[in-house]
Amino acid sequence: MNQKYLIPLITVFVLFLAAYVGVEGAKLEWFFGIVVPYVSLIAFLVFFVLKVLGWAKSAVPFKIPTTCGQQKSLPWIKQNKIDNPDTTGGVVIRMLLEIFLFRSLFRNTKAAFARNDKNRLSYSWEIFLWVGALAFHYAFLTVLLRHMRFFMTPVPSCIKWLEWADGIVQLGLPGLFLSGVVLLAAALFLLARRLFDQKVNYISLASDYFPLFLIIAIAGTGIAMRYFTKVDIVGIKSFTMGLITLHPVPPEGVGGLFYAHVFLVSVLFAYFPASKLMHMGGIFLSPTRNMANDTRAQRHINPWNYDVDTHTYEHYEDHFRDKMIEAGLPVDKKE
Amino acid sequence: MSKNMIISGLVIFVIAVLSPFWAQAVFGDKHVVPKPELVGKAATAKKCVLDKYDMRANHMSLLDEWRDSVVRDADRRYDAVNGHSFGMSLSTGEDSCLGCHEDKAKFCDSCHVYTSVNPYCWECHTNPKEIE
(Lines give C-alpha, C1' and ligand atoms only; values in the text may rest on other atoms or scores of the structure.)
Protein backbone atom coordinates (compact mmCIF):
# COMPACT_ATOMS: atom_id res chain seq x y z
CA MET A 1 0.00 0.00 0.00
CA ASN A 2 1.31 3.35 -0.98
CA GLN A 3 0.25 6.55 0.72
CA LYS A 4 1.14 8.55 -2.38
CA TYR A 5 -1.90 7.25 -4.18
CA LEU A 6 -4.05 6.15 -1.25
CA ILE A 7 -4.35 9.64 0.24
CA PRO A 8 -5.51 11.28 -3.03
CA LEU A 9 -7.86 8.35 -3.68
CA ILE A 10 -9.45 8.67 -0.25
CA THR A 11 -9.64 12.46 -0.67
CA VAL A 12 -11.60 12.09 -3.90
CA PHE A 13 -13.94 9.59 -2.24
CA VAL A 14 -14.50 11.96 0.67
CA LEU A 15 -15.17 14.89 -1.69
CA PHE A 16 -17.66 12.79 -3.62
CA LEU A 17 -19.41 11.68 -0.46
CA ALA A 18 -19.40 15.20 0.99
CA ALA A 19 -21.41 16.51 -1.95
CA TYR A 20 -23.63 13.43 -2.22
CA VAL A 21 -24.48 13.32 1.48
CA GLY A 22 -24.60 17.10 1.70
CA VAL A 23 -27.36 17.19 -0.89
CA GLU A 24 -29.21 13.94 -0.24
CA GLY A 25 -28.99 14.18 3.54
CA ALA A 26 -28.43 17.76 4.61
CA LYS A 27 -30.32 19.41 1.71
CA LEU A 28 -27.46 21.81 0.97
CA GLU A 29 -28.40 22.21 -2.71
CA TRP A 30 -27.79 25.98 -2.60
CA PHE A 31 -24.28 25.45 -1.23
CA PHE A 32 -23.07 22.71 -3.60
CA GLY A 33 -25.06 23.98 -6.55
CA ILE A 34 -24.58 27.75 -6.34
CA VAL A 35 -21.92 28.89 -3.83
CA VAL A 36 -19.27 26.31 -4.69
CA PRO A 37 -19.35 26.71 -8.51
CA TYR A 38 -19.17 30.51 -8.37
CA VAL A 39 -16.41 30.55 -5.75
CA SER A 40 -14.38 27.96 -7.65
CA LEU A 41 -14.71 29.83 -10.96
CA ILE A 42 -13.55 33.08 -9.35
CA ALA A 43 -10.70 31.29 -7.57
CA PHE A 44 -9.69 29.61 -10.83
CA LEU A 45 -9.50 32.86 -12.78
CA VAL A 46 -7.90 35.02 -10.07
CA PHE A 47 -5.20 32.56 -9.04
CA PHE A 48 -4.53 31.49 -12.63
CA VAL A 49 -3.88 35.10 -13.63
CA LEU A 50 -1.78 35.78 -10.51
CA LYS A 51 0.34 32.71 -11.13
CA VAL A 52 1.04 33.61 -14.76
CA LEU A 53 1.79 37.24 -13.81
CA GLY A 54 4.24 35.87 -11.25
CA TRP A 55 5.96 33.91 -13.98
CA ALA A 56 5.95 36.97 -16.24
CA LYS A 57 7.85 38.91 -13.58
CA SER A 58 10.73 36.44 -13.41
CA ALA A 59 13.79 37.37 -15.40
CA VAL A 60 15.10 35.42 -18.37
CA PRO A 61 18.88 35.70 -17.93
CA PHE A 62 19.83 33.58 -20.93
CA LYS A 63 18.42 32.43 -24.21
CA ILE A 64 18.09 28.72 -23.63
CA PRO A 65 16.30 27.22 -26.62
CA THR A 66 16.68 23.47 -26.81
CA THR A 67 17.37 22.49 -30.35
CA CYS A 68 16.66 19.32 -32.23
CA GLY A 69 18.10 20.14 -35.61
CA GLN A 70 20.73 22.03 -37.58
CA GLN A 71 21.18 25.63 -36.52
CA LYS A 72 21.21 28.46 -39.10
CA SER A 73 24.77 28.41 -40.36
CA LEU A 74 26.60 28.73 -43.64
CA PRO A 75 24.38 29.10 -46.71
CA TRP A 76 25.16 25.61 -48.06
CA ILE A 77 24.24 23.88 -44.77
CA LYS A 78 20.51 23.22 -44.63
CA GLN A 79 18.87 24.66 -41.55
CA ASN A 80 16.06 22.87 -39.72
CA LYS A 81 13.71 25.84 -39.58
CA ILE A 82 11.12 24.35 -37.19
CA ASP A 83 13.29 22.47 -34.73
CA ASN A 84 15.99 25.12 -34.64
CA PRO A 85 14.28 28.36 -35.64
CA ASP A 86 16.09 31.67 -35.83
CA THR A 87 12.95 33.69 -36.66
CA THR A 88 9.74 34.46 -34.79
CA GLY A 89 7.78 32.67 -37.52
CA GLY A 90 9.69 29.46 -36.92
CA VAL A 91 9.19 29.79 -33.18
CA VAL A 92 5.44 30.23 -33.69
CA ILE A 93 5.28 27.03 -35.74
CA ARG A 94 7.32 25.18 -33.15
CA MET A 95 5.02 26.43 -30.36
CA LEU A 96 1.87 25.50 -32.27
CA LEU A 97 3.19 21.98 -32.88
CA GLU A 98 4.13 21.74 -29.21
CA ILE A 99 0.74 22.95 -27.96
CA PHE A 100 -1.46 20.99 -30.35
CA LEU A 101 0.63 17.86 -30.95
CA PHE A 102 2.88 17.61 -27.85
CA ARG A 103 5.98 17.23 -29.98
CA SER A 104 8.39 17.06 -27.04
CA LEU A 105 6.45 14.12 -25.65
CA PHE A 106 6.60 12.43 -29.04
CA ARG A 107 10.37 12.24 -28.67
CA ASN A 108 10.03 10.42 -25.36
CA THR A 109 12.53 7.61 -24.84
CA LYS A 110 12.89 4.98 -22.17
CA ALA A 111 16.02 3.41 -20.75
CA ALA A 112 16.05 -0.30 -20.01
CA PHE A 113 18.47 -3.14 -19.51
CA ALA A 114 18.28 -5.90 -22.08
CA ARG A 115 16.83 -9.06 -20.57
CA ASN A 116 19.65 -11.38 -21.54
CA ASP A 117 23.18 -12.23 -20.46
CA LYS A 118 24.69 -9.09 -21.85
CA ASN A 119 22.41 -6.93 -19.69
CA ARG A 120 23.14 -3.97 -21.93
CA LEU A 121 21.54 -0.59 -21.24
CA SER A 122 19.64 0.65 -24.24
CA TYR A 123 17.35 3.54 -25.01
CA SER A 124 14.28 3.07 -27.11
CA TRP A 125 11.49 5.22 -28.44
CA GLU A 126 8.44 5.11 -26.16
CA ILE A 127 5.34 6.41 -27.88
CA PHE A 128 2.55 5.31 -25.54
CA LEU A 129 2.78 8.26 -23.15
CA TRP A 130 2.35 10.55 -26.17
CA VAL A 131 -0.61 8.54 -27.49
CA GLY A 132 -2.27 8.44 -24.06
CA ALA A 133 -1.66 12.12 -23.40
CA LEU A 134 -2.96 13.19 -26.81
CA ALA A 135 -6.08 11.03 -26.48
CA PHE A 136 -6.68 12.30 -22.96
CA HIS A 137 -6.29 16.00 -23.73
CA TYR A 138 -8.38 16.02 -26.91
CA ALA A 139 -11.11 13.89 -25.33
CA PHE A 140 -11.21 16.24 -22.36
CA LEU A 141 -11.40 19.27 -24.66
CA THR A 142 -14.26 17.68 -26.60
CA VAL A 143 -16.12 16.82 -23.41
CA LEU A 144 -15.63 20.35 -22.12
CA LEU A 145 -16.88 21.93 -25.35
CA ARG A 146 -19.82 19.52 -25.54
CA HIS A 147 -20.92 20.75 -22.11
CA MET A 148 -21.47 24.19 -23.65
CA ARG A 149 -24.90 22.89 -24.66
CA PHE A 150 -25.89 23.38 -21.03
CA PHE A 151 -24.64 26.95 -21.00
CA MET A 152 -26.15 28.51 -24.12
CA THR A 153 -29.67 28.96 -25.47
CA PRO A 154 -29.98 28.41 -28.38
CA VAL A 155 -27.15 25.90 -28.65
CA PRO A 156 -24.62 27.18 -31.24
CA SER A 157 -24.39 25.06 -34.37
CA CYS A 158 -20.64 24.44 -33.90
CA ILE A 159 -21.46 22.63 -30.64
CA LYS A 160 -24.11 20.60 -32.48
CA TRP A 161 -21.58 19.61 -35.16
CA LEU A 162 -19.19 18.52 -32.44
CA GLU A 163 -21.93 16.42 -30.83
CA TRP A 164 -22.77 14.90 -34.18
CA ALA A 165 -19.15 13.93 -34.82
CA ASP A 166 -18.69 12.68 -31.27
CA GLY A 167 -21.83 10.54 -31.44
CA ILE A 168 -21.21 9.23 -34.93
CA VAL A 169 -21.20 5.57 -33.88
CA GLN A 170 -24.92 5.83 -32.96
CA LEU A 171 -24.69 3.13 -30.32
CA GLY A 172 -27.58 2.79 -27.89
CA LEU A 173 -29.93 5.39 -26.58
CA PRO A 174 -28.91 7.95 -25.39
CA GLY A 175 -26.27 7.73 -28.12
CA LEU A 176 -22.72 6.92 -27.10
CA PHE A 177 -20.27 9.82 -27.14
CA LEU A 178 -16.79 8.58 -28.08
CA SER A 179 -15.02 11.36 -26.19
CA GLY A 180 -16.39 10.18 -22.84
CA VAL A 181 -15.12 6.65 -23.39
CA VAL A 182 -11.72 7.84 -24.65
CA LEU A 183 -11.37 10.28 -21.74
CA LEU A 184 -12.01 7.61 -19.12
CA ALA A 185 -9.86 5.00 -20.87
CA ALA A 186 -6.94 7.40 -21.39
CA ALA A 187 -7.09 8.66 -17.80
CA LEU A 188 -7.08 5.06 -16.56
CA PHE A 189 -4.12 4.30 -18.83
CA LEU A 190 -2.18 7.30 -17.48
CA LEU A 191 -3.01 6.12 -13.96
CA ALA A 192 -1.96 2.53 -14.72
CA ARG A 193 1.34 3.86 -16.05
CA ARG A 194 2.03 5.59 -12.74
CA LEU A 195 0.99 2.55 -10.71
CA PHE A 196 2.65 -0.27 -12.62
CA ASP A 197 5.72 1.21 -14.34
CA GLN A 198 8.26 1.04 -11.51
CA LYS A 199 10.36 3.96 -12.73
CA VAL A 200 7.34 6.24 -13.15
CA ASN A 201 5.85 4.97 -9.90
CA TYR A 202 9.03 6.00 -8.07
CA ILE A 203 8.78 9.63 -9.18
CA SER A 204 4.98 9.92 -8.80
CA LEU A 205 3.67 12.02 -5.94
CA ALA A 206 0.26 12.61 -4.39
CA SER A 207 -0.04 15.74 -6.52
CA ASP A 208 0.26 13.55 -9.63
CA TYR A 209 -2.39 11.08 -8.53
CA PHE A 210 -4.93 13.55 -7.16
CA PRO A 211 -5.88 15.25 -10.47
CA LEU A 212 -5.98 11.83 -12.15
CA PHE A 213 -8.37 10.40 -9.57
CA LEU A 214 -10.41 13.60 -9.68
CA ILE A 215 -10.75 13.48 -13.48
CA ILE A 216 -11.55 9.76 -13.42
CA ALA A 217 -14.27 10.46 -10.83
CA ILE A 218 -15.64 13.36 -12.92
CA ALA A 219 -15.73 11.22 -16.06
CA GLY A 220 -17.22 8.32 -14.11
CA THR A 221 -20.03 10.36 -12.56
CA GLY A 222 -20.77 12.01 -15.92
CA ILE A 223 -20.93 8.70 -17.76
CA ALA A 224 -23.03 7.19 -14.96
CA MET A 225 -25.55 10.04 -15.22
CA ARG A 226 -25.79 9.90 -18.99
CA TYR A 227 -25.91 6.16 -19.60
CA PHE A 228 -26.92 4.42 -16.38
CA THR A 229 -28.70 6.29 -13.59
CA LYS A 230 -30.19 8.96 -15.92
CA VAL A 231 -31.06 12.48 -14.89
CA ASP A 232 -33.59 15.08 -15.93
CA ILE A 233 -31.42 17.17 -18.25
CA VAL A 234 -34.08 19.81 -18.82
CA GLY A 235 -33.95 20.44 -15.07
CA ILE A 236 -30.15 20.52 -15.21
CA LYS A 237 -30.05 22.94 -18.11
CA SER A 238 -32.53 25.26 -16.39
CA PHE A 239 -30.13 25.24 -13.43
CA THR A 240 -26.92 25.81 -15.44
CA MET A 241 -28.62 28.54 -17.45
CA GLY A 242 -29.58 30.11 -14.13
CA LEU A 243 -25.91 30.10 -13.13
CA ILE A 244 -24.92 31.71 -16.45
CA THR A 245 -27.62 34.40 -16.33
CA LEU A 246 -26.80 35.05 -12.64
CA HIS A 247 -30.24 33.99 -11.44
CA PRO A 248 -29.39 30.55 -10.07
CA VAL A 249 -32.16 28.26 -8.85
CA PRO A 250 -31.24 24.75 -7.68
CA PRO A 251 -33.15 22.15 -9.71
CA GLU A 252 -35.63 19.82 -8.09
CA GLY A 253 -35.25 16.08 -8.01
CA VAL A 254 -31.94 15.92 -9.85
CA GLY A 255 -30.19 13.89 -7.17
CA GLY A 256 -26.89 13.69 -5.35
CA LEU A 257 -24.88 12.26 -8.24
CA PHE A 258 -25.31 15.45 -10.27
CA TYR A 259 -24.20 17.60 -7.35
CA ALA A 260 -21.25 15.29 -6.74
CA HIS A 261 -20.25 15.73 -10.41
CA VAL A 262 -20.56 19.53 -10.16
CA PHE A 263 -18.68 19.57 -6.87
CA LEU A 264 -15.78 17.50 -8.22
CA VAL A 265 -15.56 19.77 -11.28
CA SER A 266 -15.56 22.80 -8.97
CA VAL A 267 -12.78 21.26 -6.90
CA LEU A 268 -10.79 20.63 -10.08
CA PHE A 269 -11.18 24.25 -11.16
CA ALA A 270 -10.33 25.69 -7.76
CA TYR A 271 -7.34 23.36 -7.36
CA PHE A 272 -6.10 24.01 -10.89
CA PRO A 273 -3.93 27.13 -10.29
CA ALA A 274 -2.20 25.47 -7.32
CA SER A 275 -1.42 22.27 -9.18
CA LYS A 276 0.73 20.80 -11.91
CA LEU A 277 -2.26 21.27 -14.20
CA MET A 278 -0.94 24.82 -14.64
CA HIS A 279 1.12 23.38 -17.50
CA MET A 280 -1.89 24.61 -19.47
CA GLY A 281 -0.64 28.17 -18.98
CA GLY A 282 2.98 27.21 -18.53
CA ILE A 283 3.45 25.60 -21.93
CA PHE A 284 3.22 29.04 -23.53
CA LEU A 285 6.06 30.26 -21.34
CA SER A 286 8.49 27.36 -21.77
CA PRO A 287 11.75 29.22 -22.43
CA THR A 288 13.32 26.26 -24.20
CA ARG A 289 10.50 26.27 -26.76
CA ASN A 290 9.46 29.90 -27.21
CA MET A 291 12.82 31.49 -27.95
CA ALA A 292 14.52 31.71 -31.30
CA ASN A 293 18.03 30.27 -31.51
CA ASP A 294 19.61 33.51 -32.73
CA THR A 295 22.14 34.14 -29.98
CA ARG A 296 24.93 34.70 -32.52
CA ALA A 297 22.89 37.22 -34.47
CA GLN A 298 21.22 39.16 -31.70
CA ARG A 299 22.53 39.94 -28.25
CA HIS A 300 20.28 38.86 -25.40
CA ILE A 301 20.51 41.33 -22.50
CA ASN A 302 20.20 39.76 -19.08
CA PRO A 303 17.65 41.89 -17.19
CA TRP A 304 19.52 41.11 -14.00
CA ASN A 305 22.63 42.91 -15.26
CA TYR A 306 23.50 45.90 -13.09
CA ASP A 307 25.97 48.68 -13.90
CA VAL A 308 29.44 47.41 -13.08
CA ASP A 309 32.19 49.92 -12.20
CA THR A 310 34.78 49.23 -14.84
CA HIS A 311 38.46 50.04 -14.67
CA THR A 312 39.64 50.45 -18.25
CA TYR A 313 43.25 50.17 -19.39
CA GLU A 314 43.41 53.92 -20.01
CA HIS A 315 42.44 54.53 -16.38
CA TYR A 316 44.91 51.91 -15.23
CA GLU A 317 47.71 53.51 -17.16
CA ASP A 318 46.77 56.99 -15.87
CA HIS A 319 46.93 55.54 -12.40
CA PHE A 320 50.25 53.77 -12.62
CA ARG A 321 52.05 55.64 -15.49
CA ASP A 322 54.99 56.87 -13.38
CA LYS A 323 55.63 53.49 -11.86
CA MET A 324 55.32 51.76 -15.23
CA ILE A 325 57.86 54.08 -16.88
CA GLU A 326 60.16 53.65 -13.90
CA ALA A 327 59.97 49.88 -14.24
CA GLY A 328 60.61 50.12 -17.99
CA LEU A 329 57.15 48.84 -19.05
CA PRO A 330 55.73 50.06 -22.39
CA VAL A 331 52.99 52.69 -22.07
CA ASP A 332 50.55 54.11 -24.67
CA LYS A 333 50.89 57.68 -23.57
CA LYS A 334 54.21 59.02 -22.34
CA GLU A 335 52.63 61.89 -20.37
CA MET B 1 8.11 36.29 -24.13
CA SER B 2 7.39 39.91 -23.60
CA LYS B 3 5.12 41.07 -20.82
CA ASN B 4 2.67 42.59 -23.27
CA MET B 5 2.25 39.26 -25.04
CA ILE B 6 1.70 37.43 -21.75
CA ILE B 7 -0.86 39.96 -20.57
CA SER B 8 -2.75 39.92 -23.87
CA GLY B 9 -2.73 36.12 -23.71
CA LEU B 10 -4.19 36.26 -20.21
CA VAL B 11 -6.90 38.70 -21.32
CA ILE B 12 -7.89 36.35 -24.15
CA PHE B 13 -7.90 33.42 -21.73
CA VAL B 14 -10.16 35.17 -19.21
CA ILE B 15 -12.56 36.28 -21.95
CA ALA B 16 -12.64 32.71 -23.31
CA VAL B 17 -13.31 31.17 -19.88
CA LEU B 18 -16.14 33.62 -19.27
CA SER B 19 -17.51 33.13 -22.80
CA PRO B 20 -20.73 31.36 -21.71
CA PHE B 21 -21.62 34.40 -19.58
CA TRP B 22 -21.12 37.07 -22.22
CA ALA B 23 -22.10 34.94 -25.22
CA GLN B 24 -25.46 34.15 -23.64
CA ALA B 25 -25.98 37.82 -22.79
CA VAL B 26 -25.03 39.04 -26.28
CA PHE B 27 -26.17 36.29 -28.66
CA GLY B 28 -28.53 34.16 -26.59
CA ASP B 29 -32.30 34.19 -26.54
CA LYS B 30 -34.17 35.02 -23.40
CA HIS B 31 -33.89 31.96 -21.21
CA VAL B 32 -37.21 30.13 -20.97
CA VAL B 33 -37.39 26.59 -19.64
CA PRO B 34 -39.62 24.58 -21.99
CA LYS B 35 -42.47 22.58 -20.54
CA PRO B 36 -43.70 19.65 -22.60
CA GLU B 37 -47.29 20.58 -23.34
CA LEU B 38 -49.95 17.97 -23.01
CA VAL B 39 -52.46 18.65 -25.75
CA GLY B 40 -55.36 16.67 -27.19
CA LYS B 41 -55.89 13.24 -25.71
CA ALA B 42 -52.78 13.37 -23.53
CA ALA B 43 -54.21 16.28 -21.56
CA THR B 44 -57.13 14.20 -20.32
CA ALA B 45 -55.69 10.68 -20.33
CA LYS B 46 -53.81 11.03 -16.99
CA LYS B 47 -51.89 7.82 -17.62
CA CYS B 48 -48.60 7.20 -19.32
CA VAL B 49 -46.12 4.37 -19.69
CA LEU B 50 -43.96 5.59 -16.80
CA ASP B 51 -44.44 8.19 -14.10
CA LYS B 52 -43.41 11.76 -14.80
CA TYR B 53 -39.84 11.89 -13.48
CA ASP B 54 -38.99 8.40 -14.70
CA MET B 55 -40.37 9.35 -18.11
CA ARG B 56 -38.21 12.49 -18.30
CA ALA B 57 -35.03 10.63 -17.43
CA ASN B 58 -35.60 7.23 -19.01
CA HIS B 59 -37.88 7.53 -22.04
CA MET B 60 -35.00 7.01 -24.47
CA SER B 61 -33.98 3.73 -22.86
CA LEU B 62 -37.58 2.59 -22.93
CA LEU B 63 -37.86 3.39 -26.62
CA ASP B 64 -34.62 1.49 -27.22
CA GLU B 65 -36.05 -1.58 -25.45
CA TRP B 66 -39.28 -1.23 -27.41
CA ARG B 67 -37.40 -1.17 -30.68
CA ASP B 68 -35.59 -4.40 -29.82
CA SER B 69 -38.80 -5.98 -28.61
CA VAL B 70 -40.74 -5.10 -31.77
CA VAL B 71 -38.00 -5.81 -34.28
CA ARG B 72 -36.58 -8.98 -32.74
CA ASP B 73 -39.50 -10.57 -30.88
CA ALA B 74 -42.50 -9.05 -32.69
CA ASP B 75 -43.87 -8.17 -29.25
CA ARG B 76 -45.80 -4.95 -29.76
CA ARG B 77 -47.63 -4.58 -26.44
CA TYR B 78 -46.19 -2.88 -23.36
CA ASP B 79 -47.80 -3.53 -19.99
CA ALA B 80 -47.04 -0.53 -17.84
CA VAL B 81 -46.55 -0.64 -14.09
CA ASN B 82 -49.79 1.33 -13.65
CA GLY B 83 -51.76 -1.54 -15.17
CA HIS B 84 -52.45 -0.06 -18.57
CA SER B 85 -51.32 -1.56 -21.85
CA PHE B 86 -49.77 0.50 -24.63
CA GLY B 87 -48.68 -0.07 -28.21
CA MET B 88 -44.91 -0.13 -28.62
CA SER B 89 -44.81 2.38 -31.41
CA LEU B 90 -43.81 5.97 -31.92
CA SER B 91 -46.54 6.86 -34.36
CA THR B 92 -48.73 3.90 -35.32
CA GLY B 93 -52.05 3.43 -33.58
CA GLU B 94 -54.19 5.26 -31.06
CA ASP B 95 -52.14 4.05 -28.07
CA SER B 96 -48.72 4.86 -29.51
CA CYS B 97 -46.61 7.83 -28.33
CA LEU B 98 -47.82 10.26 -30.97
CA GLY B 99 -51.28 8.70 -30.96
CA CYS B 100 -51.81 10.30 -27.57
CA HIS B 101 -49.30 13.16 -27.58
CA GLU B 102 -50.57 14.64 -30.80
CA ASP B 103 -48.21 17.56 -31.25
CA LYS B 104 -44.62 16.38 -31.80
CA ALA B 105 -43.23 19.92 -31.85
CA LYS B 106 -44.65 20.72 -28.44
CA PHE B 107 -44.14 17.34 -26.84
CA CYS B 108 -40.84 16.02 -28.23
CA ASP B 109 -39.02 18.84 -29.90
CA SER B 110 -39.32 21.63 -27.34
CA CYS B 111 -37.07 19.86 -24.83
CA HIS B 112 -34.83 18.18 -27.41
CA VAL B 113 -34.03 21.50 -29.07
CA TYR B 114 -33.49 23.13 -25.69
CA THR B 115 -30.89 20.55 -24.62
CA SER B 116 -29.42 20.01 -28.10
CA VAL B 117 -30.52 16.39 -28.37
CA ASN B 118 -30.95 15.12 -31.90
CA PRO B 119 -32.64 11.73 -31.65
CA TYR B 120 -32.25 9.70 -34.81
CA CYS B 121 -35.77 8.29 -34.37
CA TRP B 122 -37.00 10.63 -37.06
CA GLU B 123 -34.50 9.51 -39.64
CA CYS B 124 -36.77 6.46 -40.24
CA HIS B 125 -40.03 7.31 -38.50
CA THR B 126 -42.30 10.09 -39.62
CA ASN B 127 -44.68 12.28 -37.78
CA PRO B 128 -48.09 11.26 -39.20
CA LYS B 129 -49.33 14.83 -38.87
CA GLU B 130 -46.64 16.02 -41.28
CA ILE B 131 -47.77 13.61 -44.02
CA GLU B 132 -51.41 14.68 -43.87
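Everything below is about the structure shown above.
Structure report, in brief. It should be emphasised that the depicted structure is a prediction, and the values quoted were computed from it without experimental measurement.

## Section: the side chain of Arg321(A)
Residue and element names in this part refer to chain A. Of note, Arg321 is situated in helix α13 (residues 313-326). On the basis of relative accessibility, which here comes to 9%, the residue Arg321 falls in the buried class. With sequence-adjacent residues up to four places away left out, Arg321 is seen in contact with Lys333, Lys334 and Glu335.

## What about the nonpolar core?
The nonpolar side chains of a soluble globular protein tend to be buried with one another. The biggest cluster of nonpolar side chains holds 57 residues, and the ones touching the most others in it are Phe48(A), Leu214(A) and Phe258(A). Contributing elements (two or more residues each) for this core: α1 (3-24), α2 (29-57), α5 (128-146), α7 (178-196), α9 (206-229), α10 (233-244) and α11 (256-271) of chain A together with α1 (3-17) of chain B. The next biggest cluster of nonpolar side chains, apart from the first, holds nine residues, and it includes Trp66(B), Ala80(B), Phe86(B) and Met88(B).

## Side note on unusual backbone geometry
For the bond running from Thr153(A) to Pro154(A), omega is -10°, close enough to zero to count as cis. You can see Pro154(A) is positioned in the loop between α5 and α6 (157-166). Looking along the chain, the bond that leaves Leu173(A) and enters Pro174(A) is cis, with omega of -5°. The residue Pro174(A) is located in the loop between α6 and α7 in this model. A positive phi is found at Lys230(A), a non-glycine position, where the angle reads about 70°. Its location among the elements puts Lys230(A) in the loop between α9 and α10. Here the phi dihedral of Ser116(B) falls at roughly 55°; this positive angle occurs in a residue that is not glycine.

## Details of the layout of surface pockets
Residue and element names in this part refer to chain B. Within this model, the second largest pocket holds a volume of roughly 450 Å³. Along its surface, the second largest pocket is lined by 19 residues, and Leu63, Arg67, Leu90, Cys121 and His125 are the ones closest to its centre. Broken down by class, the residue content of the lining of the second largest pocket amounts to ten nonpolar, five polar and four charged.

## So, the packing of aromatic side chains
Two aromatic rings, taken as a pair, are described by how far apart their centres are and by the angle between their planes. This structure, assessed with the given rule, holds 22 aromatic pairs over all chains. Here Phe106(A) and Trp125(A) contribute two aromatic rings whose centre-to-centre distance is 5.3 Å and whose plane-to-plane angle is 85°, an arrangement assigned as edge-to-face. Remark: Trp125(A) occurs in strand β2 (residues 121-125) and Phe106(A) occurs in helix α4 (residues 103-106); sequence separation between them is 19 residues. Since its relative accessible area comes to 52%, Trp125(A) is described here as exposed. Between Tyr209(A) and Phe213(A), the aromatic rings sit 6.2 Å apart at their centres with planes inclined by 25°, giving stacked as the arrangement. Taken together, the residues Tyr209(A) and Phe213(A), both in helix α9 and four residues apart, mark about one turn of the helix. Exposure class is identical for Tyr209(A) and Phe213(A). Each is buried. Aromatic ring contacts, followed pair by pair, group Phe44(A), Phe48(A), Phe269(A), Phe272(A) and Phe13(B) into a single cluster.

Conventions and cut-offs
Within each chain, residues carry numbers counting from 1 in the order of the written sequence. The naming scheme follows written order: chains are lettered A onward, ligands numbered 1 onward. Side-chain atom pairs in this predicted model are given and counted only at pLDDT of 80 or more, local residue features only at pLDDT of at least 70, and totals for whole chains, interfaces and linings cover all residues. Excluded from the side-chain calculation are hydrogens and water; included are all heavy atoms of the structure. The helix and strand labels rest on DSSP assignments: H or I over at least four residues marks a helix, E over at least two residues marks a strand, and numbering proceeds from the N terminus. Partly exposed residues are those whose accessible area sits between 20% and 50% of the maximum for their type, while under 20% is buried and over 50% is exposed, using a 1.4 Å probe and protein chains only. By definition in these notes, contact holds between two residues if any of their heavy atoms fall within 4.5 Å. To form a nonpolar core, buried Ala, Val, Leu, Ile, Met, Phe, Trp, Tyr and Cys residues must be joined to one another through side-chain atoms within 4.5 Å. Both cavities and pockets are sets of points on a 1 Å grid over the protein atoms alone; in a cavity a 1.4 Å probe fits but cannot get out, in a pocket the set is open with protein on both sides within 12 Å along at least five of seven lines, and lining residues sit with an atom within 4 Å of a point. Grid points are joined across faces, edges and corners, and a volume is the space filled by probe spheres set on the points. By the convention adopted, Pro, Cys, Tyr, Trp, Phe, Met, Ile, Leu, Val and Ala count as nonpolar, Lys, Arg, Asp and Glu as charged, and the other residues, Gly among them, as polar. Between rings of Phe, Tyr and Trp, where Trp is taken as its six-membered ring, a pair exists when centres lie within 6.5 Å; planes separated by under 30 degrees are stacked, by over 60 edge-to-face, and by other angles tilted.

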